[in-house]
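Structural overview for review
Residue-level listing of the chains:
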Amino acid sequence: MTDQPSPQPRKVALVTGSSRGLGRAMALQLAAAGFDVAIHYGRNAAEAEKVAETARAHGVAAQVFGADLTTPANAGALVEHVIAAFGRLDVLVNNAGITRDTLAVRMKDEDWQAVLDTNLTSAFTASRAALKHMMRARTGRIINIASVVGLMGNPGQANYVASKAGLIGLTKALAKEYGGRGITVNAVAPGFIESDMTAALPEATRTAYLGGIPLARFGQPEEVAAVVAFLASDAAAYITAQVIGVDGGLYPH
Amino acid sequence: MATFDDVKEVIVEKLGVDAEKVTPEARFVEDLGADSLETVELIMGLEDKFGVTISDEDAESIRTVQAAVSFIEGKQ
């Protein structure tokens, strides 16, 4: 008579905005850590499918989901689709974000609203949908990708900075509200990371920021993803309501 | 009575109260000590148990064990 314990079902992680950049690195590290991964994209289905293929090489399931998160209701629906597809959701990483940089005096209402809707309100609606599931499961992890500028401020990014500071507040509020249900909520605040978003910065800005970074270099997406993977792991069970900087020392907490 | 017993089971599980305290007239907050989050969990538990959807407005009006039983019976 064989008496082998049935294998533990794999946990499921959804990373919004994971067809490229930081989100891609996060999804792949979570896959490497043994999570089934839901890859979300806004526009680029082909890139997302490539990420899913790479993730599957780790022996986990990976599925691609498209959703336009400039409309916050879509973020809640996205979470519900992922739960329907995988039957569970253990980790939600609210990573999707956009910028519409300009001076505040030139910033149109639409520029403000689009950034707040995508970066903050969609993270809220996704979290709300995930929490309903995680409350039932009495466990879960929500990881919000904020930014060092949400802590420091940054000229030309009033909308983006406000959205990222908002994510930090959302993190702390949800951590307090759902801690009693075994759900942890943390934020990761990347500094200047090599990505499409920072590649678009003017050279003078890049040089100026480099001067303020004690480690004297920009970070790599994998260095942010490593912290996300840690926060998603069992080892991080006692960490909640925190903002973890991954910024080369740019902003001392 | 079947509905009452099933509702009672959900209440005992979600609020962690003794079964004998779950009388029809018991109020969730005042008598059974539910906080706001536990009240939400209770409603979600009833939805799961009975396969019904309870709107936020209806949930607001379900404040006693009997109200929950009546609501569920009305949906069945």
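Our subject in this report is the structure included herewith.

Taken as a whole, the largest pocket holds about 1,200 Å³ of empty space. Taken together, 44 residues form the lining of the largest pocket, with A:R20, A:A96, A:G97, A:I98 and A:M197 sitting closest to its centre. Those elements that place two or more of their residues in the lining of the largest pocket are α1 (21-32), β2 (36-41), α4 (109-137), α5 (148-152), α6 (158-178) and α7 (196-199) of chain A. For the lining of the largest pocket, the class distribution of residues is 17 nonpolar, 19 polar and eight charged. Looking at the second largest pocket, its volume works out to about 790 Å³. Taken together, 26 residues make up the lining of the second largest pocket; nearest its centre are B:T39, B:V40, B:I43, B:D56 and B:A59. It is α4(A) that contributes the most residues to the lining of the second largest pocket, seven residues altogether. Taken together, the residues of the lining of the second largest pocket break down into 14 nonpolar, three polar and nine charged.

A separate point is the pattern of salt bridges. Applying the stated rule across the entire model yields 16 salt bridges over all chains. A salt bridge links A:R88 to A:D90, with the nearest nitrogen and oxygen atoms 2.8 Å apart. Classification of A:R88 by relative accessible area gives partly exposed; the value is 24%. We classify A:D90 as buried; its relative accessible area is 10%. Between B:K14 and B:E13 there is a salt bridge; the shortest N-O distance is 3.7 Å. Note on B:E13: relative accessible area 59%, which makes it exposed. Because the salt bridges share partners, they merge into one network encompassing A:R136, B:E47 and B:D48.

What counts, and where the lines are drawn
Starting afresh in each chain, residues are numbered from 1 along the sequence in its written order. Going through the entries in the order they are written, you letter the chains from A and number the ligands from 1. At least 70 in pLDDT is required for a residue's local features to be given in this predicted model, at least 80 for side-chain atom pairs to be given and counted, and no such filter applies to totals for whole chains, interfaces and linings, which use all residues. Computation of side-chain values: all heavy atoms of the structure, hydrogens and water removed. Residues are said to line a cavity or pocket when one of their atoms sits within 4 Å of a point; the points come from a 1 Å grid over protein atoms alone, cavities being sets where a 1.4 Å probe fits but cannot get out and pockets being open sets with protein on both sides within 12 Å along at least five of seven lines. Grid points are joined across faces, edges and corners, and a volume is the space filled by probe spheres set on the points. Labels follow the DSSP assignment, with helices taken as runs of H or I lasting at least four residues and strands as runs of E lasting at least two, numbered in each case from the N terminus. Each residue receives one of three labels: charged for Asp, Glu, Lys and Arg, nonpolar for Ala, Val, Leu, Ile, Met, Phe, Trp, Tyr, Cys and Pro, and polar for the others, Gly being one of them. Salt bridge criterion: a side-chain nitrogen from Lys or Arg within 4 Å of a carboxyl oxygen from Asp or Glu. The classification of residues rests on relative accessible area computed with a 1.4 Å probe and restricted to protein chains. Under 20% of the type maximum is buried, over 50% is exposed, and intermediate values are partly exposed.

The values reported here are purely geometric and, on their own, carry no functional implication.
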